[in-house]
Amino acid sequence: MAKPARSAASKFSNLKLESFAGTPGFVRVGRTAAGQWWLIDADNRPFFGRGVGAVNRFGRAAGRGLQPTAYELNVEQRYG
């Protein structure tokens, strides 16, 4: 039997509902009593998001170097 879903207030009792910023029903942010910020899903459940911020064809943060890397050569060969 499936467990009933718990609300954000019961699972994260220190989440201050008055701190929620954004439109209900969409992803927004909320703060705990300790000052930590959380992403809040459309059902008012906190979650941790992670993703890719940037990608470049050179394989290094600073961009093109003096000598091409193996990654850069492979990207050039494959995509031109």
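Note that the structure is predicted; figures quoted are calculated from it, not measured.

1. What about the pairing of strand 2 (residues 28–32)?
Burial of the side chains of strand 2 is restricted to one face: Arg28, Gly30 and Thr32 are buried, whereas none of Val29 and Arg31 on the reverse face is. The antiparallel pairing of strand 1 (residues 15–21) with strand 2 creates a hairpin that spans six residues between the two strands, and Gly22 there sits at a positive phi of about 125°. Note that strand 2 and strand 3 (residues 37–40) share four bridges and pair antiparallel. What sits directly across from Arg31, in strand 3, is Trp37. Linking strand 2 to strand 3, which pair antiparallel, is a turn of four residues; within it Gly35 sits at a positive phi near 95°.

2. Quick notes on a nonpolar patch on the surface
Nonpolar side chains collect at one region of the surface, where Val27, Leu39 and Phe47 lie side by side and expose about 230 Å² of accessible area between them. Relative to the elements of secondary structure, Phe47 occurs in strand 4 (residues 46–47).

3. Some remarks on the sheet that holds strand 4
With antiparallel pairing, the four strands of this open sheet are ordered in space as 1-2-3-4. With one partner strand each, in any of the chains shown, strand 1 and strand 4 form the two edges of the open sheet.

4. Details of the pattern of salt bridges
A complete count under the given rule lists two salt bridges for this structure. Its salt-bridge partner being Arg45, residue Asp41 comes within 3.0 Å of it at the nearest N-O pair. We classify Asp41 as buried; its relative accessible area is 16%. The residue Asp43 makes a salt bridge to Arg45 at a minimum N-O spacing of 3.3 Å. Residue Asp43 is classed as exposed on the basis of its relative accessible area, which comes to 54%. Classification of Arg45 by relative accessible area gives partly exposed; the value is 37%. It is possible to trace a salt-bridge network through shared partners that takes in Asp41, Asp43 and Arg45.

Conventions used here
- Every chain's residues receive numbers from 1 upward, in the order its sequence appears when written.
- Note on the predicted model: pLDDT of at least 70 is required for a residue's local features to be given, and 80 or more for side-chain atom pairs to be given and counted; whole-chain, interface and lining totals, by contrast, use all residues.
- The basis for every side-chain value is the complete set of heavy atoms in the structure, and neither hydrogens nor water enter the calculation.
- Burial classes: relative accessible area under 20% of the type maximum marks a residue as buried, over 50% as exposed, and values in between as partly exposed (1.4 Å probe, protein chains only).
- Starting at the N terminus, helices and strands are each numbered in turn, a helix being any DSSP run of H or I of at least four residues and a strand any DSSP run of E of at least two.
- Strands qualify as paired when DSSP identifies two bridges or more between them.
- A residue counts toward a patch only above 30% relative accessible area and without a salt bridge, and it is joined to like-charged neighbours within 9 Å or, for Val, Leu, Ile, Met, Phe, Trp and Tyr, to nonpolar neighbours within 5 Å.
- Note on areas: Shrake-Rupley with a 1.4 Å probe; residue coverage comes only from the protein chains shown.
- By convention in these notes, a salt bridge is any Lys or Arg side-chain nitrogen within 4 Å of a carboxyl oxygen on Asp or Glu.

By themselves, these figures tell us nothing about what the structure is for.
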